[in-house]
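Coordinates in review
Letter by letter, the chains look like this.
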Amino acid sequence: MMRRPGTLDRMRNFLSEEYGRTFRHDHWNVGIAEVPIQAFLEPDLAPAVHWLPPPPPGKFHADPFGLTTGDSTTILFEEYDFRTDRGVISWVRETSEGGFSRPRVAIELPVHAAYPFLIESAGSVYCIPDAARSREVSAWRALEFPRRWTKAATLLPDVAGLDSTVVEHDGMLWLFCTDLEDGGFSKLRLWYSRSLLGPWRAHPANPVKTDPRSARPAGTPFRWKGELYRPAQDCSWTYGGSVTINRVVRLTTTEFREEPAATVGPFGDGPYAHGVHTLSAIGDRTLVDGKRLAFNRSEMARHLRESVGDRWPRILARP
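Given the structure is predicted, the values throughout are model-derived calculations rather than measurements.

By secondary structure assignment, the location of Ser242 is in strand β18 (residues 242-251). The contacts of Ser242, once residues within four sequence positions are left out, are Ala232, Gln233, Asp234, Thr263, Val264, Gly265 and Val276.

The strands making up a sheet associate through hydrogen bonds between their backbones, and the pairing can be parallel or antiparallel. Taken in spatial order, the four strands of this open sheet run β3-β4-β5-β6, and their pairing is antiparallel. Looking at which strands have only one partner, the edges of the open sheet turn out to be β3 (59-69) and β6 (104-107). Adjacent strand axes in the sheet meet at a mean angle of 35°, parallel and antiparallel pairs treated alike. The pairing of strand β4 (residues 72-81) with strand β5 (residues 86-94) spans nine bridges and is antiparallel. Opposite Phe77, over in β5, you have Ser90 as the bridge partner.

Judged by nonpolar contacts, the single largest core of 35 residues is most densely connected at Ile128, Trp149, Leu155, Leu175 and Trp200. The set of elements that each furnish at least two residues to this core consists of β3, β5, β6, β7 (114-121), β8 (124-130), β9 (136-144), β10 (148-157) and β12 (172-179). In this structure, Leu175 is in contact with Val137, Leu155, Leu156, Ser164, Thr165, Val166, Arg189, Leu190, Trp191 and Trp200, ignoring residues within four places of it in sequence. In terms of nonpolar packing, the next biggest core, distinct from the first, is built from 20 residues, Ala33, Ala218, Tyr272 and Val276 among them.

Looking now at the pairing of β9. As defined by bridge partners, β8 adjoins β9 across two bridges and the pair is classed as antiparallel. Each residue of the ladder has a partner; that of Cys127, found in β9, is Trp140. If you look at the hairpin formed by β8 and β9, you'll find five residues sitting between the two strands, and Arg135 has a positive phi there, around 60°. With eight bridges joining them, β9 and β10 adopt antiparallel strand pairing. When the bridges of β10 are listed, Ala139 appears paired with Ala153. The hairpin turn running from β9 into β10, its antiparallel successor, is three residues long.

Let us look at unusual backbone geometry. Omega for the bond connecting Phe145 with Pro146 falls within 30 degrees of zero, at 0°, which places this linkage in the cis form. Looking at the element boundaries, Pro146 is found in the loop between β9 and β10. Each neighbour pair has its own omega, and for Gly198 with Pro199 the value is 10°, a cis peptide bond. Inspection of the secondary structure assignment puts Pro199 in the loop between β13 (187-193) and β14 (201-202). One non-glycine residue, Arg135, lies in the positive phi region at around 60°. Tracing the chain through its elements places Arg135 in the loop between β8 and β9. Residue classification places Arg135 among the partly exposed residues on the basis of a relative accessible area of 33%. Unlike most non-glycine residues, Asp163 shows phi in positive territory, near 55°. Secondary-structure assignment places Asp163 in strand β11 (residues 161-169). Since its relative accessible area comes to 3%, Asp163 is described here as buried.

Here we take up the sheet that holds strand β21 (residues 285-294). On the basis of which strands lie adjacent, the open sheet formed by four strands has the order β2-β1-β21-β20 and antiparallel pairing. Two strands bound the open sheet, and with one partner strand each, they are β2 (49-51) and β20 (279-282). In this sheet, neighbouring strand axes are inclined to one another by 35° on average, regardless of whether the strands run parallel or antiparallel. Across three bridges, the pairing between strand β1 (residues 25-33) and β2 is antiparallel. Across the sheet, residue Ala33 finds its bridge partner in β2, namely Val49.

Topologically, Glu79 is positioned in strand β4. A residue is classified by how much of its surface remains accessible, and Glu79, at 11% relative accessible area, is buried. Non-local contacts of Glu79, meaning those with residues more than four positions away in its chain, are made with Lys59, Phe60, His61, Arg86, Gly87, Val88, Ser90 and Pro103.

Each value, and the rule that gives it
Residues numbered from 1 in each chain as written. Predicted model: local features only at pLDDT ≥ 70, side-chain atom pairs only at ≥ 80, totals over all residues. Heavy atoms only, no water. Helix = DSSP H or I, 4+ residues; strand = E, 2+ residues; numbered from the N terminus. Contact = heavy atoms within 4.5 Å. Pairing = 2+ DSSP bridges. Axes fitted to C-alpha atoms, helices over the stretch in contact; angles between N-to-C directions. Core = buried A, V, L, I, M, F, W, Y, C linked by side-chain atoms within 4.5 Å. Buried < 20%, exposed > 50% of the residue type's maximum accessible area, 1.4 Å probe, protein only.

Have a look at this one:
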């Protein structure tokens with residue numbers, strides 16, 4: 001008979017977990033891989049990645065999406081501040097010499113904002129940022145890309161959508177996301193519409209997929225050799241551990257099925273070798289992000305407040 005863990009065991013496990021949360025924190029940065037996104041279907045691909053300058057202390061950059069107009073490439077991304085536990089949508093522009101302008105804020109919301117998915121529709125550029133804590137999925141239209149934006153429509157009210165991603169397929173628009181309040185890493189949900197600004201209808205099979213290895217969106221879907229592919233996060237062993245590229249087998253208003261086609265691991269030969277969770281097509285190149293684990297004082301303080309004030313008493317109170 002297995003022995004139930006006692007107070008000493010729970011304390012030991014708790015302290016081991018808290019050591020990692022206190023002293024090893026995720027630090028992300030954005031890079032450009034010099035290959036098109038379909039190249040990641042090739043096994044053992046090791047592309048060269050041109051990383052943006054490191055974020056300043058206390059911040060990280062992740063979730064890149066971009067547009068190229070003429071000779072100018074603009075990248076939008078999450079700029080997260082450890083001190084406030086909030087992100088804003090910022091942008092940089094690639095220079096002709098291969099450098100980057102300094103980050104500037106594009107969209108700042110009353111809640112944490114991330115994953116600035118970009119889509120062009122009816123001659124306008126739209127951004128669908130992850131603002132799950134607002135419990136809605138909204139589209140923002142560029143008045144002056146990338147500096148000025150206005151809220152164009154609420155696409156999904158009362159949905160705490162994470163990493164909302166839209167793709168056109170068979171004359172219909174499809175919106176994929178997970179839900180912060182119900183399986184943020186594992187339950188894929190789907191909506192469809194004739195127009196970006198709606199109305200959107202929920203797929204009758206929602207959640208259309210439950211799998212922490214390949215559900216939560218991880219960048220731009222793409223077509224290759226007549227097939228539709230969808231990048232998804234593999235969060236089965238750690239957040240942002242790797243990306244699974246799924247081949248969409250069936251996508252209709254009543255059915256959905258996909259299967260894994262490739263796995264994209266961290267870029268182990270560079271400074272961000274501990275994770276990846278975005279692949280975003282931009283012409284014949286691909287925007288990516290990478291994670292390194294390092295100490296952050298603000299994040300340590302936040303974890304200690306949460307642990308001492310909440311988790312520690314509950315651990316000790318269990319029978």
